[in-house]
Amino acid sequence: MAAIVTLTLNPALDVFTGTESVRPTHKLRCTAPRFEPGGGGINVARVVHALGGEVTAVFPCGGSPGAMFEKLLREAGVPIAPVPIAGTTRESFTVDEEKSGEQYRFVLPGPSLSGDELERILDAVGGIDGPSAYVIASGSLPPDCDPAIFRRLCALCGKIGARLVIDTSGDALAAVEGSCAFLIKPSLREVQELVGRELADEAMECEAARELLERGFADVIVVSLGERGALLVAENTELRMPAIEVPTGSAVGAGDSMVAGITFALASGKSLEEALRYGVAAGAAALITPGSELARREDVERLYSAALAKGSTQNRS
């Protein structure tokens, strides 16, 4: 199987706790905290590892939260290549209000990265032992980070012979234009923002995805359509995969699981159609799991086999 490297430029040590009710000015007595390593590329690496893929997670790391972050990933058996930084790895706090069942999520901005630190991170991506077939850059950018980092990453991937997969949003996603990555995975809302118009039907969705191809965002556009599944558009291919109906436990990590599933399938030699189906199965598998738990291999394989038997992909090549 081809090797995969994930890059998370703004990882977060996720802290989960609960309290009876959230009220201003009061001291809120919380339950014992639970810690997890988080961030788009970290989640992707964890899922690829769970699926049995060969993956290494690259990320900046600093301070005591960074030390715990590393420890958690090593305990999970995920191969990592942390890059020391002067700043402190950010923390994100999730508080469940027991009285109402509501959840409150507090996301900190994270440390700024110096030019030298960014260089060392890119060197780490290119310096993983053995050739990497895929590099996945996923998640938000740290404060003050120039989105042009994606162009530099694309050039690096060209040098090392890897395909670049990007999953980000906002200004960072807009900056991918012209970089000619291998694959991006925007949501429908993000596609609408990029093309500057509402997309009222399936034909308009395909037209917009093709516009992104022409503008040099990527060779393959995978549009996440939520409850409607996903759309894949490449030069001579249009594929639609309806969502797999599952009982929903939590939507946390569904998008990251989808990216992991698609890339893992491609690295395993599957076609674009098979990879899309596998990715949708991985996203659905993440919905089954409770809380912040990501997709499990047995669920992904079961859902993929069921979708394969059903033959539900609509193929227009």
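Here the structure is shown first, and the text comes after it.
In short, a report on the structure. For clarity, every value in this text was computed on a predicted model and none was experimentally measured.

Our focus in this paragraph is the overall build of the chain. A tally of regular secondary structure across the chain gives ten helices and 14 strands. Taking 20 Å as the expected radius of gyration for a compact globule of 317 residues, we find that the chain reaches 19 Å, a close match to that expectation. Taking the principal axes of the C-alpha coordinates as reference, the chain spans close to 60 × 45 × 40 Å. For the chain, buried positions account for 53% of its 317 residues. Residue pairs in contact within the chain that sit at least 24 positions apart in sequence constitute 65% of those at least 6 positions apart. For the chain, the exposed surface amounts to about 14200 Å²; the carbon and sulfur share of it is 51%.

Moving on, we get to helix 7 (residues 202-214). Along its 13 residues, helix 7 runs 19 Å from first to last C-alpha, staying within 8% of the 18 Å computed at 1.5 Å per residue. Summarising the contacts, the buried residues of helix 7 are in contact with helix 6 (188-195), strand 11 (218-224), strand 12 (230-234) and strand 13 (237-241). At the exit of helix 7 stands glycine 216, carrying a positive phi of roughly 80 degrees.

Before going further, it helps to examine the packing of aromatic side chains. Following the criterion strictly, the structure yields four aromatic pairs and no others. Aromatic pair phenylalanine 264 and tyrosine 278: ring centres 5.7 Å apart, planes at 35 degrees, arrangement tilted. Of this pair, phenylalanine 264 sits in helix 8 (residues 254-267) while tyrosine 278 is found in helix 9 (residues 272-288), placing the two residues 14 residues apart along the sequence. Each member of the pair, phenylalanine 264 together with tyrosine 278, is buried. Members of the aromatic cluster, joined through ring pairs, are Phe264, Tyr278 and Tyr304.

Sheet strands pair via backbone hydrogen bonds, and the direction of the pair is either parallel or antiparallel. Overall, mixed pairing links the four strands, which are arranged 3-2-6-7 in an open sheet. Since the sheet does not close on itself, it has two edges, and those belong to strand 3 (34-38) and strand 7 (103-107), each with one partner. When the angles between neighbouring strand axes are averaged without regard to direction, this sheet yields 20 degrees. As judged from the eight bridges shared by strand 2 (residues 12-19) and strand 6 (residues 90-97), these two strands associate in the parallel manner. Its bridge partner lying in strand 6, phenylalanine 16 is registered against threonine 94. Packing against the sheet, helix 2 (residues 63-75) makes contact with strand 2, strand 3 and strand 6, and its axis sits at approximately 85 degrees to strand 3.

In this section: the environment of glycine 291. Mapped onto the fold, glycine 291 is located in the loop between helix 9 and helix 10 (297-310). For glycine 291 and phenylalanine 16, which are 275 residues apart along the polypeptide, the C-alpha to C-alpha distance reads 9.8 Å.

The end-to-end C-alpha separation of helix 9 is 25 Å, in line with the 24 Å expected for 17 residues at 1.5 Å each. By the criterion of burial, helix 9 is predominantly enclosed, with twelve of the 17 residues buried. Within helix 9, burial applies to Ala275, Leu276, Arg277, Tyr278, Gly279, Val280, Ala281, Ala282, Gly283, Ala284, Ala285 and Ala286. Each element contacted by the buried residues of helix 9 is listed here: helix 1 (40-51), strand 11, strand 12, strand 13, helix 8 and helix 10.

Residues Val22, Leu28, Phe93, Tyr104, Phe106 and Leu108 make up a contiguous nonpolar surface patch of roughly 460 Å² in combined accessible area. Following the sequence through the fold, phenylalanine 93 ends up in strand 6. On the accessibility criterion, phenylalanine 93 (34% relative accessible area) is partly exposed.

Attention now goes to the packing of helix 9 against helix 10. One can describe the packing of helix 9 onto helix 10 by two numbers: an axis separation of 8 Å at closest approach and a directional angle of 130 degrees. Considered as vectors, helix 9 and helix 10 are oriented oblique to each other. Crossing hand, helix 9 versus helix 10: right-handed. Counting all contacts with helix 9, which are made through Glu274, Arg277, Tyr278, Ala281, Ala282, Ala284, Ala285 and Ile288, the residues of helix 10 involved are Asp299, Val300, Glu301, Arg302, Leu303, Tyr304, Ala307 and Leu308. Residue composition of the contact of helix 9 with helix 10, grouped by class: eleven nonpolar, no polar and five charged.

Right, let's talk about the nonpolar core for a bit. The biggest cluster of nonpolar side chains holds 55 residues, and the ones touching the most others in it are Phe59, Val222, Ile244 and Leu276. When neighbours within four sequence positions are excluded, isoleucine 244 is seen to be in contact with Val280, Ala281, Ala284, Leu303 and Ala307. Listed in part, the 49 residues of the second largest apolar core include Leu164, Leu199, Ala209 and Ile221.

Rules and cut-offs
Residues numbered from 1 in each chain as written. Predicted model: local features only at pLDDT ≥ 70, side-chain atom pairs only at ≥ 80, totals over all residues. Heavy atoms only, no water. Helix = DSSP H or I, 4+ residues; strand = E, 2+ residues; numbered from the N terminus. Rg over C-alpha atoms; globule rule 2.2 N^0.38 Å. Buried < 20%, exposed > 50% of the residue type's maximum accessible area, 1.4 Å probe, protein only. Contact = heavy atoms within 4.5 Å. Areas by Shrake-Rupley, 256 points an atom, 1.4 Å probe, with all protein chains shown as cover. Expected span 1.5 Å × (residues − 1). Phe/Tyr/Trp six-rings, centres within 6.5 Å; stacked < 30°, edge-to-face > 60°. Pairing = 2+ DSSP bridges. Axes fitted to C-alpha atoms, helices over the stretch in contact; angles between N-to-C directions. Patch = residues over 30% accessible without salt bridge, like charges linked within 9 Å, V, L, I, M, F, W, Y side chains within 5 Å. Salt bridge = Lys/Arg side-chain N within 4 Å of Asp/Glu carboxyl O. Parallel < 35°, antiparallel > 145°, perpendicular 65-115°, else oblique. Left-handed = near helix turned anticlockwise from the far one by under 90°. Nonpolar A, V, L, I, M, F, W, Y, C, P; charged D, E, K, R; others polar. Core = buried A, V, L, I, M, F, W, Y, C linked by side-chain atoms within 4.5 Å.

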